[in-house]
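Here are the chains, one letter per residue:
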Amino acid sequence: FVVDVTGSMQFAITGIRDGLENFVRRLRENKIDARVGLIAFRDRLEGEEPEVLSFDGESFTTDPDLFIDKMRHLKADGGGDNPESSLDALWLASQQHFREGSVKTLLLVTDAEPQIPDISMRSTDMIIGVLRDRKIDQFHVVCPRELERTYATVQAAASEGTFFDIQAAIARSTVFAERIMPGISTAIIEATPVASAATLASAT
């Protein structure tokens, strides 16, 4: 998960946390050996550096309870005005240690357009090149409908990807947990070649 944790996004933080156990369970029921991780980002141009959640020194875990516990300290604040550092956060997510042979999956959750140029990623073309070089297989995006076109160019760097409208969940974390999270797991299941015994590493 690559999650915007600026001031407007508490509903998404809570929704991911509350929906995570069922999210992982559905993947496992469909024979996907999933590891999950989360990168929290705000606005690097405001001096707010992204945070990679750590699970005993690793950026991924197979334990949903540990993931949920680590999420409890995340609070939505900061960010200043739009846009936010989503492209730099995607770059950071792509650099994490995925398992050999895994299906590399990024799940971006944001209500803001990307900061261009940012500190590391100076253009859309730069992040597209990074995601292709890192062989990101799936890139799913939860954002306002009006930003789909903005992120579609970046999403095209991956082989598979789906958009989810964040608007219905704004101010209602239960909608995020009960509708968007199951939708993301379904998209991952449908796009993951389980028959080939591939494993799924899900990052932020």
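Please read all numbers here as calculations on a predicted model, not as lab measurements.

Asker: Could you give an account of the side chain of Thr 110, with specific residues and numbers?
Answerer: Assignment of secondary structure puts Thr 110 in the loop between strand 5 (102-109) and helix 4 (124-133). You can call Thr 110 buried: its relative accessible area is 0%. Within the structure, Thr 110 has its side chain in polar contact with the side chain of Asp 4 (distance 2.8 Å). If we ignore the near neighbours within four places in the chain, the residues touching Thr 110 are Asp 4, Met 9, Phe 41, Val 142, Cys 143, Pro 144, Tyr 151 and Ile 166.

Asker: Quick rundown of a negative patch on the surface? Include the residues and the values.
Answerer: A contiguous patch of negative charge, built from Glu 21, Asp 63, Asp 65 and Asp 69, is present on the exposed surface. Mapping Asp 65 onto the fold places it in helix 2 (residues 64-71).

Asker: How would you summarise empty space enclosed by the protein if you had to cite specific residues and measurements?
Answerer: Summed over the entire model, instances satisfying the criterion amount to 1 cavity of 30 Å³ or more. For the largest cavity, the calculated volume is near 30 Å³. Lining the largest cavity are Gly 19, Asn 22, Phe 23, Arg 26, Ala 177, Met 181, Pro 182 and Ser 185. For the lining of the largest cavity, the secondary structure elements donating two or more residues are helix 1 (10-29) and helix 6 (173-191).

Criteria and thresholds
Residues numbered from 1 in each chain as written. Predicted model: local features only at pLDDT ≥ 70, side-chain atom pairs only at ≥ 80, totals over all residues. Heavy atoms only, no water. Helix = DSSP H or I, 4+ residues; strand = E, 2+ residues; numbered from the N terminus. Buried < 20%, exposed > 50% of the residue type's maximum accessible area, 1.4 Å probe, protein only. Polar contact = N/O pair within 3.5 Å; in protein donor to acceptor, adjacent residues only side chain to side chain. Contact = heavy atoms within 4.5 Å. Patch = residues over 30% accessible without salt bridge, like charges linked within 9 Å, V, L, I, M, F, W, Y side chains within 5 Å. Areas by Shrake-Rupley, 256 points an atom, 1.4 Å probe, with all protein chains shown as cover. Salt bridge = Lys/Arg side-chain N within 4 Å of Asp/Glu carboxyl O. Lys, Arg positive; Asp, Glu negative; His and termini not counted. Charge placed at Lys NZ, Arg CZ, Asp CG, Glu CD. 1 Å grid on protein atoms, 1.4 Å probe; cavity = no way out; pocket = protein on both sides within 12 Å on 5 of 7 lines; lining within 4 Å. Points joined across faces, edges and corners; volume = space filled by probe spheres on them.

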